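Results of the structural survey
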Amino acid sequence: MRTLEYVRVGEPAQAVAELAADPAAAFLAGGTTQLDLMKIGTVTARRLVDITRLPLRDVTFDGGDLRVGALVTMERLAREPVVAQRLPVLRDALLAGASVQLRNAATIGGNLLQRTRCPYFRDVATACNKRDPGAGCAALEGVHRNHAILGTSPHCIATHPSDLAVALVALDAVVRLLGPDGPRTVPLTGFYLPPDDTPRLETVLRHGDLVTGVDIPLPAQGTRSGYLKVRDRASYDFALASAAVVADPGRTRVALGGVATVPWRARRAEAVLREAPEAFVAAAGAELADAEPRRDNGYKVELARRTLIRALSTWAAP
Amino acid sequence: MTRTLAPLVGAALDRVDGARKVAGAAPYPNDVRYPDLAYAALVRATISAGRVSGIETEGAEGAPGVLTVITHLTAPRLSRGPATSIGPQPTPPLQGDRVDYDGQYLAVVVAGTREQAVAAADLVEVRYEVDEPVLRTEDPRAEREENPWHFDTTRGDPAGALRTAEVRVDSTYTTPHLTNNPLGPFTTVARWDGDDLTVHDSTQHTANTRSALAGVFGIPEERVRVLAPFVGGGFGAGLRSWPHVTVAAMAARVVGRPVALELTRPEMFTGTGGRPSTVQRIRLGSTVDGRLVAIDHHAEYPAAMDDAVRYRVTPRGAGAYACPNFAARDVQVRLNVPPTGHMRAPGTAEGLFALECALDELAFRLDIDPVDLRLRNVAEVDPENGRPWTTTGLRECYRVGAERFGWYGRSPAPCSMRDGHRMVGYGMAGVTFGWTMMPCRAAATLHPDGTATIATSATDIGTGTYTILTQLAADLLDLPPDWVRVELGDTRLPKAPAAGGSGLTAAVTNAVQDACRNLLEIVRNGHPRGTDVRAEGASAPPEREDVAPSGAFAAVFAEVRVDPDLGELRVVRLVTAVDGGRIMNPKLAASQIIGGTVGGLGMALMERTTPDPGSGRIMNANLGDYLVPVHADVPDVDVLFVGGPDPLTPMGVKGVGEVGVVGVAPAVANAVHHATGRRLRALPLTVENLL
């Protein structure tokens, strides 16, 4: 029997200390991905530190930033009036993810740390550099219809699965952390690490770091924003391609999902739009210019391009 | 004596077992518990071809709670049970070191709890000598069996007629490997008492599980009892006695305790069959006014190396179109894939996808309305033997379905209808479904308190057999429905055929009708008061030389929306008109058609079992990655029944278990062509094909 220790903590500092003391420990929040991955052997934590009693469930608005506790559930955040009124891109992205049942359990912090749906990552009988560094990447020549075309490396082409994170990188959200050395903040655009030659490292988090919340700067009044997601079935499915657009007056921010190894801030598209605010086709073309498709995911280049153009036409057109 | 079939037969009675199911009181196989029950977990191959060169079981044997670990080195020698109407029994498990597919059982661990068994199974270490697997039908190393089950047919001169036809269609269609995925993971609980074996099993055919196990263990059938009063769905996966059933019984014998083996979802993908992938070339020849002169249909599909089921993709009688020249050829190709099996409308769903799409291609080429083309070619007699059908509701299906759908309101040219930026398409397909009936027995008992019991070994896999037999017996015995009790799913009860092939309802209702008639005969002749009165009855397929028994007919109409930029396809409306003979219960029958339609939608839009191209290992063996439709994918499904009782049997039932599935994928694909001008010949119809 695989035995497992379970502890419940009441204070964030206690949670950090529990983890810092044990390299084989992991936090447990909603558990909607983590417990599945433990059952199939992909994640092998021996000690779970339950953080669901921590006081990280508040959503507050101080006039500038929306401050979201890490344990706020996806469904709860989507139902916040300020989110519906001022952050349609966030609301759309939340409601495009998972199912109501999962959204009622899954937390914002957990969603940011969601693991890829790459089937080789999840199947311990196959080769995966992310799960087992140096083992190789079976997806390169294997089943990869829904793998990434941006931010890939010869060692990993796994797609980042989150919808929420795509909206949040477009919104310039900031992650609040508490680590063994105290609290700090990291902009979400700098939070995720592309695979390069260390696919196992997915974020800048160090062991023991606890995500305590996300701060979302509210766009100016009148900003239009939205999230467009294309998928194989109408609901409860990961994106084949998605686009988040935040069209502040004078500036359009863009991110792509479903096509990249990390939630993909589309800087090149934004640069084109800064010069020519309605050059949607050129912006999308520029963002996808260096896409690296493989045998069965070449369609994503065109799909992502069109998804971005549609999203820009919908929310960024004058 | 004549009892009328009214008021209950034909009424929309609620499921009689519904409350028990909702309350969790209906015992499914995985609910069965014995005081000393042990639990089994499987160790499966992680290669597709080769042999086991070493298997280390010491770690597992020493793990907490473990009773035994059985491998091919230690397993009792087993035989293969007798073949049935659907083909040979599966290869007995754990009988050698050869590995023929990824997922093949290599060992079973039995322990005091399920968790202990699962944990210990992880500790079994297997070493392999790996061979290069044969994974594609075009691989020159693959063994091809032409006409494997002797269904190939040639009538007239199809080659000559194709050569001289005024108009021709020649297209190749492909369909993917699909997995049945009933909601209830298959479970077997086996218990030996000396040489008597009792098995609780997720089966659609208790009699088959019994004869299979009796054959495997070399014991008389009478010593095997199979129980399946409730089964969590099957969709054809439960028609065979798969290797895990044998493993459970073997494990119970070895440890001398009852053993439960519940398959995991990933194990369902390799252990209970599925719909094989197909490649089909279809050639049609026609006159310019749309009279078919030739149909040539060639289908190739995989079968496992050492286990194949009786299968047919090319539809019988060229799909029942009045065509003087036709040829149908099936080729089975042996690959290192998990055993294929039967998935709702096996073969027919794949074959009719190709045929009904090719007919749409022909209609477009001829500039003839697709419904009119089919009406011009309706087979008034069975094309295989020239006999008149017992009933022919097909024209009525087209008429009623088209009218309800508003078919003739469409603008015929492709790409000519829009809803905002989305393209709109209408498509349709016709279905002539095969007729099946197998011998069946049933018993009717009248109790002194005035209530009655109907009993037969048939299973109700969620289709409503409990309910329709209650309705039927209540009418025949003139009792209120809650005075009738129906007992099913037990081989000690009179022998019934499979809940499969759309054939159970015809078989079992005629047998119950016969039993009730015999019972009333006894009652009328007088019988001692205060005792049970029991009578048996039987039904058998009528042997008629003068008519062709007709199965169900249907016409399916679909409306789709396609986003021309993003390639997103949504089905927004479906109408199915069905001639199913006598409809015992319109609510349950419509549910069957709706359920079949959703299965057809999955086949059309998203379902696909995906192997790793190099290793053959299935990479989406879970319900997160193997997509089936969710509510948001399913539009309103409008079901209409036409026709009436079929005169072939006293009950006039044809069976509607599968007819709802088969027309959906071609109707949707044809609607996509109408919407976009794109002819998609490969399922599923996913985004990358529509950009």
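The structure reproduced in this document is the subject of the present report. This structure is a prediction, so every number in the text was calculated from the model and none was measured.

Criteria and thresholds
Residues numbered from 1 in each chain as written. Chains lettered and ligands numbered in written order. Predicted model: local features only at pLDDT ≥ 70, side-chain atom pairs only at ≥ 80, totals over all residues. Heavy atoms only, no water. Phe/Tyr/Trp six-rings, centres within 6.5 Å; stacked < 30°, edge-to-face > 60°. Helix = DSSP H or I, 4+ residues; strand = E, 2+ residues; numbered from the N terminus. Buried < 20%, exposed > 50% of the residue type's maximum accessible area, 1.4 Å probe, protein only. Lys NZ or Arg CZ within 6 Å of the ring centre and 35° of its normal. Pairing = 2+ DSSP bridges. Right-handed = clockwise from strand over helix to strand, strands pointing away. Axes fitted to C-alpha atoms, helices over the stretch in contact; angles between N-to-C directions. Parallel < 35°, antiparallel > 145°, perpendicular 65-115°, else oblique. Left-handed = near helix turned anticlockwise from the far one by under 90°. Contact = heavy atoms within 4.5 Å.

**Some points on the packing of aromatic side chains**
Residue and element names in this part refer to chain B. Counted by the stated rule, this structure contains 13 aromatic pairs over all chains. Note on Phe 269 and Tyr 626: the rings are 5.4 Å apart at their centroids and 70° apart in plane angle, and the pair reads as edge-to-face. A residue pair is termed long-range when its members are at least 10 positions apart, and Phe 269 in helix α7 (residues 265-271) and Tyr 626 in the loop between α14 (586-605) and β25 (637-642) qualify at 357 residues. For Phe 269, a relative accessible area of 1% puts it in the buried group. Look at Tyr 626 and you get buried, because its relative accessible area is 0%. A cation over a ring is seen here: Arg 573 above Phe 405, with NZ or CZ 4.0 Å from the ring centre. Here Arg 573 stacks its cationic end above the ring of Tyr 426, 5.8 Å away from the centre of that ring.

**Some remarks on the environment of Pro 611 of chain B**
All names here are of chain B. When you line up the elements, Pro 611 lands in the loop between α14 and β25. With relative accessibility at 39%, the residue Pro 611 sits in the partly exposed group. Taking the C-alpha atoms as reference points, Pro 611 and Pro 176, separated by 435 residues in sequence, lie 11 Å from one another.

**Describing the pairing of β25 of chain B**
Residue and element names in this part refer to chain B. As paired strands, strand β24 (residues 569-579) and β25 are joined by six bridges and run parallel to one another. Looking across to β25, one finds that Thr 576 is bridged to Val 639. For the crossover from β24 across α14 to β25, the handedness is right-handed.

**Re the packing of α14 of chain B against helix α16 (residues 664-676) of chain B**
Residues and elements named next belong to chain B. Running from N to C, α14 and α16 cross one another at 50°; their axes reach a closest spacing of 8 Å. In terms of orientation, α14 lies oblique with respect to α16. Read as a crossing pair, α14 and α16 show a hand that is right-handed. Judged by residue contacts, Thr 597, Gly 600, Leu 601, Met 603, Ala 604 and Leu 605 of α14 engage Val 664, Ala 665 and Val 668 from α16.

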